[in-house]
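# Summary of structural features
Okay, here's what each chain looks like letter by letter:
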Amino acid sequence: MINLNESDVSKPLNGFKYQDFLGEFVYGGIDGSVTTFAVVAGSAGADLDISIILILGLANLLADGFSMSVGAYLSTKSSRENYEKHRKTEYREIQEIPESEREEIRQIYRKKGFEGELLEQVVEVITADKDRWVDVMMKDELEMIPEQKSPLAIAAVTYLSFLLVGVVPLMIYLFNIHSNQSLDRLFLISTILTSLTFVGIGLLKAVVTETSRIRGILETLLLGSSAAAVSYFVGDFLEKLIAG
């Protein structure tokens, strides 16, 4: 006979390793840098004054960043609530129809290759504890795992990242608001700084997704430059249309 301990079959889902917020920082930074640079490019294409570029850029930075963080908060909160709803349903079902739920456990582990006496031992160990029983049902039947990170923390990191990375395209304008530098030169410097930012954030993205670093950098550069190019030519077109 093979003896099974509780830990041989299932572990509580809340035992997952703590995850940091690098993913939220990366995606907040990507969105912040791309959207703000698009605003700068469109303004540059329309030959707008530095003060207008800063007003549009900062307004976008603060408002769009806040909107993104609220979206992240609501999405995470909804995910948690959905998980808890299904978890309560599973508790109710093992209370009201235990034999049916026990058979589901048996079917789950039969598909994993357990059979005979060993399978029955597995079922017995799992169903001996309601919390463990529900954990297994959530993970193996519904394929749901709980969100461990705080929705508020996710929103805060997303907003902070959006602001810190998204302000890069505006920095040269902030430092030269009262200078006589040409707008073309300022836009060129902004483009260089933003491109370097795209490289850095693309590298971090590759680390988070565990994909090719070159691919991550190129994808971010392509995304940012495409959005900026569209915005620049639209701004240039509208400026000529209105002025003409």
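Thresholds, definitions, all that
Residues numbered from 1 in each chain as written. Predicted model: local features only at pLDDT ≥ 70, side-chain atom pairs only at ≥ 80, totals over all residues. Heavy atoms only, no water. Helix = DSSP H or I, 4+ residues; strand = E, 2+ residues; numbered from the N terminus. Rg over C-alpha atoms; globule rule 2.2 N^0.38 Å. Buried < 20%, exposed > 50% of the residue type's maximum accessible area, 1.4 Å probe, protein only. Contact = heavy atoms within 4.5 Å. Areas by Shrake-Rupley, 256 points an atom, 1.4 Å probe, with all protein chains shown as cover. Lys, Arg positive; Asp, Glu negative; His and termini not counted. Charge placed at Lys NZ, Arg CZ, Asp CG, Glu CD. pLDDT = per-residue confidence, 0-100. Salt bridge = Lys/Arg side-chain N within 4 Å of Asp/Glu carboxyl O. Phe/Tyr/Trp six-rings, centres within 6.5 Å; stacked < 30°, edge-to-face > 60°. Lys NZ or Arg CZ within 6 Å of the ring centre and 35° of its normal. Polar contact = N/O pair within 3.5 Å; in protein donor to acceptor, adjacent residues only side chain to side chain. Patch = residues over 30% accessible without salt bridge, like charges linked within 9 Å, V, L, I, M, F, W, Y side chains within 5 Å.

What follows concerns the overall build of the protein. From N to C terminus, the protein includes nine helices and zero strands. Along the protein, helices (α) and strands (β) appear in the sequence α-α-α-α-α-α-α-α-α when read from the amino end. A compact globule built from 244 residues should have a C-alpha radius of gyration of about 18 Å, whereas the protein, at 26 Å, is more than 25% larger. Burial analysis of the protein (244 residues in total) assigns 37% to the buried set. For the protein, the proportion of contacts with a sequence separation of at least 24, taken over those separated by at least 6, is 79%. Carbon and sulfur atoms make up 61% of the accessible area of the protein, which amounts to about 14100 Å² in all. Counting 22 positive and 33 negative side-chain charges, the protein places the averaged centre of each group 2 Å from the other.

On to the confidence of the model for the protein, then. Within the protein, residue pLDDT values average 85, and 91% of them lie at 70 or more. Looking over the protein, one finds the lowest element-wise mean pLDDT in helix H9 (residues 213–243), namely 84, and the highest in helix H7 (residues 168–175), namely 94.

Right, let's get into unusual backbone geometry. Unlike most non-glycine residues, Asp47 shows phi in positive territory, near 55°. Secondary-structure assignment places Asp47 in the loop between helix H1 (22–45) and helix H2 (50–96). A positive phi is found at Glu210, a non-glycine position, where the angle reads about 55°.

Glancing now at the pattern of salt bridges. Within this structure, the stated rule accounts for nine salt bridges. Taking the shortest distance from any N to any O, the salt bridge between Asp140 and Lys112 comes out at 3.8 Å. With Asp140 in helix H5 (residues 130–141) and Lys112 in the loop between helix H3 (98–111) and helix H4 (116–127), the pair connects residues that are 28 residues apart, well separated along the chain. When its relative accessible area of 45% is taken as the criterion, Lys112 is described as partly exposed. The salt bridge partner of Lys205 is Glu219, with a shortest N-O separation of 3.0 Å. In this pair, Lys205 is assigned in helix H8 (residues 183–209) and Glu219 in helix H9, connecting sequence segments 14 residues apart.

Attention now moves to the packing of aromatic side chains. In this structure the tally under the stated criterion is six aromatic pairs. With a centroid separation of 5.7 Å and an interplanar angle of 20°, the aromatic rings of Phe187 and Tyr232 are classed as stacked. Here Tyr232 lies in helix H9 and Phe187 lies in helix H8, a separation of 45 residues in the sequence. Its relative accessible area of 28% is what places Tyr232 among the partly exposed residues. Measuring from centroid to centroid gives 5.6 Å for Tyr232 and Phe233, while their planes differ by 90°, and the two rings are edge-to-face. Taken together, the aromatic side chains of Phe37, Phe187, Phe198, Tyr232 and Phe233 make up a single cluster linked through ring pairs. When the ring centre of Tyr109 is taken as origin, the NZ or CZ atom of Lys112, which lies over that ring, is 5.5 Å away.

Looking now at the environment of Glu81. For Glu81, the location among the structural elements is in helix H2. We classify Glu81 as partly exposed; its relative accessible area is 44%. Counting along the chain gives 37 residues from Glu81 to Leu118, while the straight-line C-alpha distance between them is 36 Å. Of note is the side chain of Glu81, whose polar atom sits 2.6 Å from the side chain of Lys77.

Time to look at a nonpolar patch on the surface. A contiguous nonpolar surface patch, about 620 Å² in accessible area, is contributed by Val230, Val234, Phe237, Leu238, Leu241 and Ile242. On the secondary structure map, Leu241 appears in helix H9. The exposure class assigned to Leu241 is exposed, which follows from its relative accessible area of 54%.

Attention now moves to H7. Within the sequence span of H7, burial applies to Val168, Pro169, Leu170, Ile172 and Tyr173. On the buried face of H7, the contacting elements are H1, H2, helix H6 (151–166) and H8.

The topology assignment puts Ser43 in helix H1. We classify Ser43 as buried; its relative accessible area is 2%. Setting aside its immediate chain neighbours within four residues, Ser43 contacts Leu48, Ile53 and Leu56.

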